[in-house]
Amino acid sequence: MDTKKPNKLKILNDPIYGFIQIPSTLIFDIIEHPYFQRLRRITQMGFSNLVYPGANHTRFHHAIGCMHLMQKAVRVLHFKQIAISKEEENALYVAILLHDIGHGAFSHALEHSIVNGISHEEISLKFMKKLNDEFDGQLDLAIQIFEGKYPRKFLCQLISSQLDIDRLDYLKRDSFYTGVTEGNISSDRLIAMMNVKDDELVIEEKGIYSVEKFLIARRLMYWQVYLHKTGLVAENMLVNVLKRAKELAEEGVELFASSSLKYFLYNQITEENFNEETLVMFSRLDDYDVLSAIKEWENHEDKVLSLLSKMIIDRKLLRIEIQQKEFKESEIKMALKKVSKNLKLSESEAKFFVFTKRIKNQAYQQEKPIYILSKKGNLKDIAKASDQLNLQALTNPVIKHFICYPK
């Protein structure tokens, strides 16, 4: 038998960045772990592929891309004489690699239906702590940086801020896979312009136009992709399918589901009781569990569950109307009454087909500014440093309301 040690410093080929180097054996072992491999089975953009057929990339793609960009950022900061120790460097790679590990099936749908009161960030932290136990405390520093508790602020800002590595990858990646060119930012240029001043992550003055483009691209990607009306309908219908399944499970109705999905349907999962067993079950739950269940639920005797499931599988989605003002109570009641009559459903059942919500798009938050470093060494908020008149407008949140109902 060949006892030669495996090469762990492998190279991956990414369609956006080309070759990506795995920087350490620890990173390789984390990538190989079943918790991380699960991200191959979680789509990055939920049901956006119902709008953009190419948007089938996964959280795994995104995490690997983020790690690659973080390597570039560390090289740039080293070149600019910013002291980052080997331990801090490795911690940054681990933290950015695992920043999305807590995402559930179809990314955000589970957070709003069968797992309540706990966000994907909190679940990510639970996964990181569990992995830290398995890797004998090697993730201690990565966890500190991920939680924003490490004293060197700029390291935390590389993981989470308004111009973090996460955003630099997902905008470029989602733009590539959807074909929406407005989101194609120059992540290389933005990283090349990074610097540190007073422990703050900043962008040098000559990178100001790249930051402007980044913020405008983010706004356009939200309207054209993340908040696209068809995507909104599909995601909310998925949430409603899972909510209905949860309701039926609570009433003791037998539902087809994988063991991991059953666990979340037939148990009340909250932040308080999200224990180690729950984490293990969550690590086995992915898009495949949800899709196979929905395909089977098309034939369920419960009319709401079967109809919603069939509509999703066949892409016969609800109609959506979006407007600036809130919808009147009388309009909602009228729509409910109509659906109740047409589909022969009770009013509480009709609410799965008629619902209103609001969406918000704010490209830039001045409370957590992106600082521009002038040639004289002064720091200025991008909104004030920019001569783009509409950049100030991007700080104002745009709120719209939508109603969904059967065609």
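Reference entry: report on the structure contained in this document.

Cut-offs and rules
- Residues numbered from 1 in each chain as written.
- Predicted model: local features only at pLDDT ≥ 70, side-chain atom pairs only at ≥ 80, totals over all residues.
- Heavy atoms only, no water.
- Patch = residues over 30% accessible without salt bridge, like charges linked within 9 Å, V, L, I, M, F, W, Y side chains within 5 Å.
- Areas by Shrake-Rupley, 256 points an atom, 1.4 Å probe, with all protein chains shown as cover.
- Salt bridge = Lys/Arg side-chain N within 4 Å of Asp/Glu carboxyl O.
- Lys, Arg positive; Asp, Glu negative; His and termini not counted.
- Charge placed at Lys NZ, Arg CZ, Asp CG, Glu CD.
- Helix = DSSP H or I, 4+ residues; strand = E, 2+ residues; numbered from the N terminus.
- Contact = heavy atoms within 4.5 Å.
- Expected span 1.5 Å × (residues − 1).
- Buried < 20%, exposed > 50% of the residue type's maximum accessible area, 1.4 Å probe, protein only.
- Axes fitted to C-alpha atoms, helices over the stretch in contact; angles between N-to-C directions.
- Parallel < 35°, antiparallel > 145°, perpendicular 65-115°, else oblique.
- Left-handed = near helix turned anticlockwise from the far one by under 90°.
- Nonpolar A, V, L, I, M, F, W, Y, C, P; charged D, E, K, R; others polar.
- Polar contact = N/O pair within 3.5 Å; in protein donor to acceptor, adjacent residues only side chain to side chain.

**Here's the deal with a negative patch on the surface**
Then comes step 1: A cluster of acidic side chains, namely Glu121, Glu122, Glu271 and Glu272, defines a negative patch on the protein surface.
Then comes step 2: Counting through the fold element by element, Glu271 comes out in the loop between α12 (259-266) and α13 (276-283).

**Describing unusual backbone geometry**
Then comes step 1: Positive phi, close to 55 degrees, is recorded for Asp136, a residue that is not glycine.
Then comes step 2: Inspection of the secondary structure assignment puts Asp136 in the loop between α5 (120-134) and α6 (140-146).
Then comes step 3: With phi around 55 degrees, Arg315 is a residue other than glycine that occupies positive phi space.
Then comes step 4: For Arg315, the position within the fold is in the loop between α15 (303-313) and β5 (319-323).

**A word on the side chain of Asn132**
Then comes step 1: Tracing the backbone shows Asn132 in helix α5.
Then comes step 2: Apart from residues lying up to four places away in sequence, Asn132 is in contact with Gly137, Gln138, Leu139, Asp140 and Ile143.

**Considerations on helix α8 (residues 165-178)**
Then comes step 1: Along its 14 residues, α8 runs 20 Å from first to last C-alpha, staying within 8% of the 20 Å computed at 1.5 Å per residue.
Then comes step 2: With respect to burial, α8 is a largely interior element, 13 of its 14 residues being buried.

**A closer look at a positive patch on the surface**
Then comes step 1: A contiguous patch of positive charge on the surface is contributed by Lys229, Arg315, Lys316, Arg319 and Lys407.
Then comes step 2: Inspection of the secondary structure puts Arg319 in strand β5.

**Side note on the packing of α8 against helix α10 (residues 208-226)**
Then comes step 1: One way to put it is that α8 packs onto α10 with a least axis distance of 11 Å and a crossing angle of 50 degrees. Comparing the axis directions of α8 and α10 gives the class oblique. Our pair here, α8 against α10, has a crossing hand that is left-handed. Every residue of α10 that contacts α8 at Arg167, Leu168, Tyr170, Leu171, Asp174, Ser175 and Thr178 is listed here: Phe214, Arg218, Met221, Tyr222, Val225 and Tyr226.
Then comes step 2: Residues that form the contact of α8 with α10 fall into these classes: eight nonpolar, two polar and three charged.

**Thoughts on the environment of Ser85**
Then comes step 1: With respect to the element layout, Ser85 can be found in the loop between α3 (59-79) and α4 (86-97).
Then comes step 2: Assessed through its relative accessible area of 29%, Ser85 is described here as partly exposed.

**A look at the side chain of Asn195**
Then comes step 1: With respect to the helices and strands, the residue Asn195 is situated in strand β3 (residues 194-197).
Then comes step 2: Only 2.8 Å separates the side chain of Asn195 from the side chain of Glu204, close enough to count as a polar contact.
Then comes step 3: Non-local contacts of Asn195, meaning those with residues more than four positions away in its chain, are made with Leu77, Lys80, Ile82, Glu200, Leu201, Val202, Glu204 and Leu373.

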